[in-house]
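Understanding the architecture of this molecule
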Amino acid sequence: MMYFVAALVAGCLALYAGAYWFLKNPVLFAAAPVPAAAKAEAGRLRAHVEFLAARQPARAMHNIDALNAAADYVEAQFRQAGCQPRRQTFDVGGIDYPNIVCSMGPRDSPRVVIGGHYDVAGDHNPGADDNASAVAGVLELARLINAAKPDLKHRLDL
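Keep in mind that what you see is a predicted model, and the values were worked out from it rather than measured.

The secondary structure content of the protein chain amounts to four helices and five strands. Going residue by residue from the N terminus, the α and β elements of the protein chain occur as α-α-α-β-β-β-β-α-β. The 158 residues of the protein chain split such that 30% are buried. Counting contacts in the protein chain only where the partners sit at least 6 residues apart, residues at least 24 apart contribute 67% of the total. Here the protein chain displays about 10,000 Å² of accessible surface, and carbon together with sulfur accounts for 61% of that area.

Written out as structure tokens, the structure is:
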């Protein structure tokens, strides 16, 4: 049992180290300088989180109107960022739920997926520090990539 715990801890540390390296040494973009104007904007991030977290009723799977309003918001923000978003729907119990996907870069190259989920669990959960903040980050990333116009080596699905 002790060896299992040690292996688990070592695996987690290796995963953390790999994620840290990747974030410090991104391999998605060519070595083009990023324009000074292409910086994350705290006001935009806050506005995205506030819009999503303030939805009432909460954007849970049984509150279809609230969930669809959140999906429409994400789709509109991707469009505003210069993407051509598409809806990828899946059926659960006879109800279609959409993923909103914004793809950038070469279509036939290896794919990198960066995502966040805009739904919440439960009626009284604003989902601000997990769901909405991840979506806000993805939306701001789409805007920044469009502003920087890097030469993407991989397909990027947001």
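Continuing now.
Attention now moves to the sheet that holds strand 4 (residues 111–113). Across the sheet, which stays open at both edges, the three strands sit in the order 3-5-4 with mixed pairing between neighbours. The strands lining the two open edges of the sheet, one partner per strand, are strand 3 (103–104) and strand 4. Pairing geometry for strand 4 and strand 5 (residues 155–157), over three bridges, is parallel. Its bridge partner being in strand 5, Val-113 is matched across the sheet by Asp-157.

Of the strand pairs in this sheet, strand 1 (residues 86–92) and strand 2 (residues 95–101) are connected by seven bridges, and their pairing is antiparallel. By the bridge assignment for strand 2, Arg-87 is matched with Ile-100.

The omega angle of the peptide bond from Gln-56 to Pro-57 is 0 degrees, so this bond is cis rather than trans. Along the chain, Pro-57 falls in the loop between helix 2 (42–53) and helix 3 (64–80). Non-glycine residue Lys-149 carries a positive phi angle of around 50 degrees. Looking at Lys-149, the relative accessible area reads 61%, which means it is exposed.

Reading the values: rules and limits
Residues numbered from 1 in each chain as written. Predicted model: local features only at pLDDT ≥ 70, side-chain atom pairs only at ≥ 80, totals over all residues. Heavy atoms only, no water. Helix = DSSP H or I, 4+ residues; strand = E, 2+ residues; numbered from the N terminus. Buried < 20%, exposed > 50% of the residue type's maximum accessible area, 1.4 Å probe, protein only. Contact = heavy atoms within 4.5 Å. Areas by Shrake-Rupley, 256 points an atom, 1.4 Å probe, with all protein chains shown as cover. Pairing = 2+ DSSP bridges.

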